[in-house]
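Summary of structural features
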Amino acid sequence: MGDHETVLARLHAALRAADPWTALYLLHSGHPDGLAEAVEELYRSDADRSALRPYLSWFLRILDGPGEAVLRRLVAEPAYTVEERRDLLSAAVSRGLGLPAELLREIEAGAPDGPPAAELVDAMGLSGDASFAPYLGTLLADPAAPRARAALALGRLGAREWTAPIATRLSEVKGLDHSAFVVALELMADPVAVPHLLRWLSETAEARVYDVHHALVRLTGRDPLLPEMRGATYAAAVRAAWADGGTERTPAVVRDLVVESDARARFAVDGGAGRIRIAFDPPLPGATWPRWDRSLTFDEKPLYGVGSSCDTCELGLTLLGWPDDEAARIAGRMRGSLADLDRLDEALFADWGALLGELGTGHYRALLLDLPLERVTEPARSWWYRRTAARVEEDGEDAAYDDGRPGEHWPGTPHFQLTTPVPEGRVPATYGALMPSQPPDALDAATVARHAAAIAAGERPAAVVLGWIDDRYVQAEHEERWLVGTVLDGHHRLTAYADSGIPARVILLAGVGQGCGTDGGLEGLEELAAAYGRRD
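Quick summary incoming for the structure in this document. Being a predicted model, the structure only gives us computed values, none of them experimental.

1. Let's talk about the pattern of salt bridges
As enumerated under the stated definition, the model contains 39 salt bridges in all. Across the salt bridge formed by Glu-480 and Arg-387, the nearest N and O atoms sit 2.7 Å from each other. One end of the pair, Glu-480, is in strand E12 (residues 478-489); the other, Arg-387, is in helix H19 (residues 383-395), and 93 residues separate them in sequence. With respect to burial, Glu-480 and Arg-387 carry one shared label: buried. Its salt-bridge partner being Arg-481, residue Glu-527 comes within 3.1 Å of it at the nearest N-O pair. Taken together, the residues Glu-527 in helix H22 (residues 521-532) and Arg-481 in strand E12 connect sequence positions 46 residues apart. Note on Glu-527: relative accessible area 13%, which makes it buried. A relative accessible area of 0% places Arg-481 in the buried class. One network of salt bridges, with partners in common, ties together Arg-426, Asp-471, Glu-479, Arg-481, Glu-523 and Glu-527.

Below, the structure written as structure tokens:
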């Protein structure tokens, strides 16, 4: 049996398994050569396509390498039914493929009368062909059409002649459609939208205020400080912040500093530069939610994918790329006051004023902690996986998670983590992970050794970590809390601490309130301070 026949036989066996989805996943994870071609052969078979289309479509969405070429060939096949071509088009959109304009016009011509399929609208936006803009623009006024997808498609095309028409129709759309129209204006990056948004902010309902405010910040660069609370008070504060129509960015100011003790302080950043922040990713083509995935970014460059803030979804981090050297240079300006730090005081924050202004606008807590850390290099040792295995053990036969694939939960880089969950917390398990902001393999061994010698001699050099508390109720069954941090400065120091087994001196700068993780931040920080706050 040749290689093609072998892979085809394995594919058939997986499809006939008692649990075909798991069997197909395991087959795909093995990356056998020729899998894409085997999927194409089955899809081209009328009988197999009819019986197995959901499974084959799943493969077409995820197959690497030749999978893209296979999908391009199939979606261009005119012999398939309208429903089959729509299915293939949906797979192409989910992969973000730009298809030829001629093919999309041919698919449009063969579609039934009435509003176009949402997948076709998405594909037009991904095509890069501005000639689709007039057609997409006509859909904005049709409630029966996928007009939210049309607005996003126009945004992806950068068709700024449609900025004002999208903005003026905000009063006509609700719910996710309203969010999509606002996000489309953000994609346009066109200041023409700003006066429309300011007017709409003064008129719109409370539930829509966040979206409009977010767009104004993105389009103007002005990011005024708002209260930590939500609801009506938050909406009123947003309206007040923009009421004078001012859109000029103002210099960052660190304000409301209160040093509560040697180990605790709070402060706010007003008009922060946002060079280091959590930001929404551009919406995925075909996605239901216009605002969903988020990334931790340095100078707009994604460092870690953070996922959504959905309270019942599992938290996971994914390394997306290391920041430029500028990020390390900024962090390095903190080091003069970190050599042997034993207390927080106003002088320290005064020295750091310009650096704290690089953060995003918001409210922060500063904690001086001694964290028991270990350095993790193997997926099976990471809390990102071990928390999943613990849920499987707790649920037994009813477990909804597979505990056999540690690599699926690995964030993509070695990191530091708490040696145990935070003790005596309200939530059954509070995990902690401190993620690097520079490649761990670039650390200098001599520098680590120098810090190790200082630590052994009784000094306590501090690292600086930007983080937040993230609360989840995974699948509405498992309460879970995380301290998530990114090391701004101190990679060598943390390595020396982890190697020595001595708790690491860390200044945690934790964002709280709007846009900083999920609810539960203040309670989680109190538990961290109680367990690990620096003591004499």
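2. Topic: the environment of Thr-247
Examined against the element boundaries, Thr-247 turns out to sit in the loop between helix H15 (231-242) and strand E1 (253-261). Overall, Thr-247 belongs to the partly exposed group, its relative accessible area being 25%. Separated by 170 residues in the primary sequence, Thr-247 and Gln-417 have C-alpha atoms spaced 42 Å apart. If we ignore the near neighbours within four places in the chain, the residues touching Thr-247 are Val-194, Leu-198, Thr-220, Arg-222 and Trp-242.

3. Let's talk about the sheet that holds strand E4 (residues 294-298)
The four strands lie next to each other as E3-E4-E5-E6, forming an open sheet whose pairing is antiparallel. For this open sheet the edge positions go to strand E3 (276-280) and strand E6 (318-319), each flanked by a neighbour on one side alone. Of the pairings in the sheet, the one linking E3 to E4 comprises five bridges and is antiparallel in character. Along E4, the bridge assignment pairs Arg-277 with Thr-297.

4. A word on empty space enclosed by the protein
Where empty space is left in the structure can be found by rolling a water-sized probe over the atoms. As enumerated under the stated definition, the model contains three cavities of 30 Å³ or more in all. Its boundaries defined by the atoms lining it, the second largest cavity holds a volume of some 60 Å³. Along its surface, the second largest cavity is lined by Arg-375, Pro-414, His-415, Phe-416, Pro-436, Gln-438, Pro-440, Leu-443, His-491 and Thr-495. Breaking the lining of the second largest cavity down by element, the ones donating at least two residues are strand E9 (415-418) and helix H21 (491-500). Each residue belonging to the lining of the second largest cavity can be placed in one class, and the counts come to five nonpolar, four polar and one charged.

5. Quick look at the nonpolar core
Within the largest apolar cluster, 85 residues are counted, with the highest numbers of intra-cluster contacts made by Leu-11, Leu-60, Leu-136, Leu-154, Ile-166 and Leu-197. The contact partners of Leu-197, leaving out residues within four places of it in the chain, are Leu-170, Leu-185, Val-212, Ala-215, Leu-216 and Leu-219. With 39 residues, the next largest nonpolar core counts Ile-276, Leu-368, Leu-466 and Val-484 among its residues.

6. Overview of the pairing of strand E2 (residues 264-270)
Counting buried positions along E2 gives five out of seven residues, so the element sits mostly inside the fold. What sits between E1 and E2 in their antiparallel hairpin is a turn of two residues. Pairing geometry for E2 and strand E7 (residues 362-371), over six bridges, is antiparallel. By the bridge assignment for E7, Phe-267 is matched with Tyr-364.

Rules behind the numbers
- Residues numbered from 1 in each chain as written.
- Predicted model: local features only at pLDDT ≥ 70, side-chain atom pairs only at ≥ 80, totals over all residues.
- Heavy atoms only, no water.
- Salt bridge = Lys/Arg side-chain N within 4 Å of Asp/Glu carboxyl O.
- Helix = DSSP H or I, 4+ residues; strand = E, 2+ residues; numbered from the N terminus.
- Buried < 20%, exposed > 50% of the residue type's maximum accessible area, 1.4 Å probe, protein only.
- Contact = heavy atoms within 4.5 Å.
- Pairing = 2+ DSSP bridges.
- 1 Å grid on protein atoms, 1.4 Å probe; cavity = no way out; pocket = protein on both sides within 12 Å on 5 of 7 lines; lining within 4 Å.
- Points joined across faces, edges and corners; volume = space filled by probe spheres on them.
- Nonpolar A, V, L, I, M, F, W, Y, C, P; charged D, E, K, R; others polar.
- Core = buried A, V, L, I, M, F, W, Y, C linked by side-chain atoms within 4.5 Å.

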